[in-house]
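Take a look at the letters that make up each chain.
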Amino acid sequence: MDCVPALDESLKKTVGGTTAKVMADQLGLHTVGDLLHHYPRRYAERGELTRLADLPLDEHVTVVAQVAKAAKRTFNRGKGVRLEVVVTDGSGSLTLVFFGRAAHHHERELLPGRRGMFAGKVSVFNRVRQLAHPDYELLDRGGGADAAEAVDAFANQLLPLYPACKQLPSWRIAKSVGALLDTFEADGWRDLVDPLPPELRQSRNLATLPEAFLRVHRPRTKADIALAKDRLKWDEAFVLQVALARRRHAEGQLPAVPRAPREGGMLDAFDAKLPFTLTEGQRKVSAEIFGDLAGDHPMHRLLQGEVGSGKTMVALRAMLGVVDAGGQAAMLAPTEVLAQQHHRSVVEMMGELAEGGMLGGAEEATKVVLLTGSMGAAARRQALLDLVTGEAGIVIGTHALIEDKVQFHDLGLVVVDEQHRFGVEQRDALRAKAERPPHLLVMTATPIPRTVAMTVFGDLETSVLNQLPAGRSPIASHVVPAQDKPHFLTRAWERVREEVGHGHQAYVVCPRIGDEEDDKAAKARTSPEDEAERRPPLAVLETAEKLTAGPLAGLRVEILHGRMQPDAKDEVMRRFAAGEVDVLVATTVIEVGVNVPNATVMVIMDADRFGVSQLHQLRGRVGRGTAPGLCLLVSDMPEASPARARLAAVAATLDGFELSRIDLEQRREGDVLGQAQSGVRSSLRMLAVIEDEDVIAAAREEAAAVVSADPELTGLPELRTALDALLDAEREQYLDKG
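Values in this document were obtained by computation on a predicted structure and should not be read as measured data.

## Observations regarding the overall build of the protein chain
For the protein chain, the count of helices and strands is 28 helices and 21 strands. Sequence separation of 24 or more characterises 74% of the internal contacts of the protein chain that already satisfy a separation of 6 or more.

## What about helix α12 (residues 311-324)?
Relative to the 20 Å expected for 14 residues at 1.5 Å per residue, α12 spans 20 Å between its end C-alpha atoms, a close match to the ideal helical length. In terms of burial, α12 is largely enclosed, as 13 of its 14 residues are buried. Looking at the residues trailing α12, positive phi occurs at Gly326, about 95 degrees.

## With respect to the pairing of strand β14 (residues 439-444)
With respect to burial, β14 is a largely interior element, 6 of its 6 residues being buried. Here β14 shows no split at all, with His439, Leu441 and Met443 on one side and Leu440, Val442 and Thr444 on the other all buried. Bridge count for strand β9 (residues 300-305) against β14 is 5 bridges, and the pairing is parallel. The partner of Arg301 across the bridge, within β14, is Leu441. Across 5 bridges, the pairing between strand β13 (residues 411-417) and β14 is parallel. Residue pairing for β14: Val416 is matched across the bridge by Val442.

## Focus on the sheet that holds strand β16 (residues 475-481)
Taken in spatial order, the 6 strands of this open sheet run β16-β21-β20-β17-β19-β18, and their pairing is parallel. Only two strands of the sheet have a single neighbouring strand rather than two, namely β16 and β18 (557-560). Each adjacent strand pair in this sheet contributes to an overall mean axis angle of 20 degrees, direction not counted. As defined by bridge partners, strand β17 (residues 505-509) adjoins strand β19 (residues 583-586) across 4 bridges and the pair is classed as parallel. When the bridges of β19 are listed, Val509 appears paired with Ala586.

## Notes on unusual backbone geometry
Positive phi, close to 55 degrees, is recorded for Arg77, a residue that is not glycine. Within the element layout of this structure, Arg77 appears in the loop between β2 (60-75) and β3 (80-88).

## Focus: helix α2 (residues 17-27)
Of the positions making up α2, those classed as buried are Thr19, Ala20, Val22, Met23 and Leu27. All buried residues of α2 project into a common sector of 160 degrees when viewed along the axis, lining one side. In this structure, α2 carries Thr18, Lys21 and Asp25 as exposed residues pointing more than 90 degrees from its buried face. Looking at the buried positions of α2, the neighbouring elements they touch are α1 (12-15), α3 (32-36) and α6 (170-186). Backbone geometry just downstream of α2 places Gly28 in the positive-phi region, at approximately 70 degrees.

## Structural notes on the packing of helix α8 (residues 209-217) against helix α9 (residues 222-253)
Relative to each other, α8 and α9 sit at 130 degrees, their axes nearing to 8 Å. Relative to α9, the element α8 is oriented oblique. Considering the relative orientation of α8 and α9, their crossing is left-handed. Where α8 approaches α9, its residues Leu209, Glu211, Ala212, Phe213, Arg215 and Val216 are matched on the opposing element by Asp224, Ile225, Leu227, Ala228, Arg231, Leu232 and Asp235. When its residues are assigned to classes, the contact of α8 with α9 shows 8 nonpolar, no polar and 5 charged.

## A closer look at the packing of helix α22 (residues 612-619) against helix α23 (residues 642-652)
Packing of α22 against α23 brings their axes to within 10 Å, and their N-to-C directions diverge by 40 degrees. When the interaxial angle is binned, α22 and α23 end up oblique. Here α22 runs over α23; the crossing is right-handed. Counting all contacts with α22, which are made through Val612, Leu615 and Arg619, the residues of α23 involved are Arg646, Leu647, Val650 and Ala651. By residue class, the composition of the contact of α22 with α23 is 5 nonpolar, no polar and 2 charged.

## What about the sheet that holds strand β10 (residues 328-332)?
The 7 strands lie next to each other as β11-β12-β10-β13-β14-β9-β15, forming an open sheet whose pairing is parallel. Pairing within the sheet leaves two strands with one partner each, and these edge strands are β11 (367-371) and β15 (461-465). The sheet shows a mean angle of 20 degrees between the axes of neighbouring strands, direction not considered. In terms of strand pairing, β9 meets β15 through 5 bridges, oriented parallel. If you follow Gly305 over to β15, its bridge partner there is Leu465. Of the strands in this sheet, β9, β13, β14 and β15 are in contact with helix α11 (residues 280-293), which crosses β15 at around 155 degrees. Packing against the sheet, α12 makes contact with β9, β10, β12 (392-397), β13, β14 and β15, and its axis sits at approximately 170 degrees to β13.

## Comments concerning the packing of aromatic side chains
Within this structure, the stated rule accounts for 6 aromatic pairs. With a centroid separation of 5.9 Å and 90 degrees between ring planes, the pair formed by Phe75 and Phe99 is classed as edge-to-face. Of this pair, Phe75 sits in strand β2 while Phe99 sits in strand β4 (residues 93-99), and the two are 24 residues apart along the sequence. An aromatic cluster of three or more residues is present, and its members are Phe98, Phe118 and Tyr136.

## Describing the nonpolar core
Ranked by size, the top nonpolar core spans 34 residues in total, and within it Met350, Ile394, Leu413 and Leu441 carry the most contacts. Top contributing element to this core by residue count: α12, with 9 residues. Residue contacts for Leu413: discarding those within four places in its chain leaves Leu293, Met299, Ala318, Met319, Val322, Gln328, Ala329, Ala330, Pro438, His439, Leu440 and Leu441.

## What to know about the environment of Lys367
With respect to the helices, strands and loops of the structure, Lys367 is situated in strand β11. In this structure, the C-alpha to C-alpha distance between Lys367 and Ala354, residues 13 residues apart in sequence, is 5.3 Å. Excluding anything up to four places from it in sequence, Lys367 contacts Ala354, Gly356, Gln382, Asp386, Glu391, Ala392, Gly393 and Ile394.

## Observations concerning the pairing of strand β5 (residues 115-125)
Here β5 runs beside strand β7 (residues 135-138); their pairing, made up of 4 bridges, is antiparallel. Across the sheet, the residue bridging to Ala119 is Asp135, located in β7. When β5 meets strand β6 (residues 128-132), the two strands line up antiparallel, connected through 4 bridges. Each bridged residue has a counterpart across the sheet, and for Ser123 the counterpart in β6 is Gln130.

Reading the values: the criteria
Residues numbered from 1 in each chain as written. Predicted model: local features only at pLDDT ≥ 70, side-chain atom pairs only at ≥ 80, totals over all residues. Heavy atoms only, no water. Helix = DSSP H or I, 4+ residues; strand = E, 2+ residues; numbered from the N terminus. Contact = heavy atoms within 4.5 Å. Expected span 1.5 Å × (residues − 1). Buried < 20%, exposed > 50% of the residue type's maximum accessible area, 1.4 Å probe, protein only. Pairing = 2+ DSSP bridges. Axes fitted to C-alpha atoms, helices over the stretch in contact; angles between N-to-C directions. Arc of directions from axis to C-beta. Parallel < 35°, antiparallel > 145°, perpendicular 65-115°, else oblique. Left-handed = near helix turned anticlockwise from the far one by under 90°. Nonpolar A, V, L, I, M, F, W, Y, C, P; charged D, E, K, R; others polar. Phe/Tyr/Trp six-rings, centres within 6.5 Å; stacked < 30°, edge-to-face > 60°. Core = buried A, V, L, I, M, F, W, Y, C linked by side-chain atoms within 4.5 Å.

Given below as structure tokens:
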């Protein structure tokens, strides 16, 4: 490389077209900046140089030896090829093994007589000690003092191991990163843009950016790594928080129609006929929401509430307030089952207030319409007409609400339920249906630790409902070890029969449907090793059949899953809610929003195959009435396994926030945040949202101060540049729409 590349320059110029394509396709690395920020996943210590005669098994070692002989052999009837290189240091010998393309590549270098340093993990094959695919450096290129120095540098270095892929191993990534570092260093890092304002960096006692890059990619000591990480975490947290602070600032400048409920309107009439009093939490959150709705700028609020804490009630009161103020409210639900469930419960709660324009409707009333993809043409036409004329004050629907044909008379509030199930575009398309920016209330029953909320929903104000309404019963949870103690499972089915005998109902949840389509997909996902190791997850169809013929014979057992026709699904849910079904065997289609207070027991089969937060969500479907709830987590995993530890954690607490922390710590933040967040997520390479709570909180404060003093960042051009690099088109869009 002749000249120093810019951080946003394509990697093609620096690493070549083929490598650049692999880096882009497999690792998501497109620019020079991306590669510099591709940090080692961990560091291997090469350790002291070891005599071949003293090699310990299963340990990483570094040896200096001479190639004695090298031979290529085929195996698997000529389909596979391996290179076997025997090296010796006078005290003993060792075989180096390379497979596939690597065999051809290394054959050219590892010629008899050549001397080098070889680092890897010692294993035994056919009673011969070997290193498979070792890292190595040849020492023939210089002699004497140079070679001794090289040995020392190589052996005592911490070896960075990068997130890699089959086509691009860690050492090749390390080479590309090394070449980049050399180029920048030779130029004195002149063109490197440092996003942190100098005063902030000094006050926090953080390393300079060049120093951080050198120490993270070429550490001499563990202290180097810690120093680099401290600095690089701050970059990520600060730049992201500045982006979110600017979003909050920009939203604060937008005009919105204030939607204060009028006295003596629908909201007052609704509150007057409530058969219970709102919890203190519901009153507090409602006050925050109504305060926002009365403002001149659009509300942007995240309402997170424990399973069963009464979020729907809070949302309905907000919608009624907006209708009172002359606007319309739309609630977006992720599935038809949930949209229909919400529609049913809202109409039920409102009574005659939901019968606007009908005989028997209250004077203060509106229409509540449902809009889903599977509705008949006539019902759909009527719903669309009610929306465009303003006849319907409230609409509840799935993504069908987003279609072009759907027009509103005056959309004032958008409520998004279970927001992590939606793509950003879907939420945005619904908001775009209002003439002026509508107010936005985002709801989730997946409790989100404070730092995740600050990182992913940092442009939303947050309200938390963690108090259960009066009359809600506690849920007892137990792990049922089906393999170790089969009689526990027998007892579980007895408990289901007992609950049904007392007039209650039960859910049985399975990870899989078990139809042909499902089996094909499962086969495609399973490798032969997995197949041998573990049976496929239990399926709804098979389980329902076995229960009906066995332990639950004589009970009314029905099934429910996502591939049933919408009408059939709704009919099963209606019959279950009406008490005409004793046991519902279902997939996670019942995970959110399904409300049947008479259901008191849930048996989750293969519970270890679900995430912690998902188990908590599922469990929240029981104990919704006055009778206590029971959740049985069935697993055939051994007691000492991490999977069983996870289930024990779920059984031990009903605190969703505590469980979400456990969940995130175990599987990193990625998958709990949903697909819509991929842009922001991919920018968090060093920052762990749970462990780095203090950094995120401090960065948020610093970012808020910077943006309120200089919203356009005119005095901080480096920060602007870093922001542009972080927020490429896709990520900028995510934040715009989030």
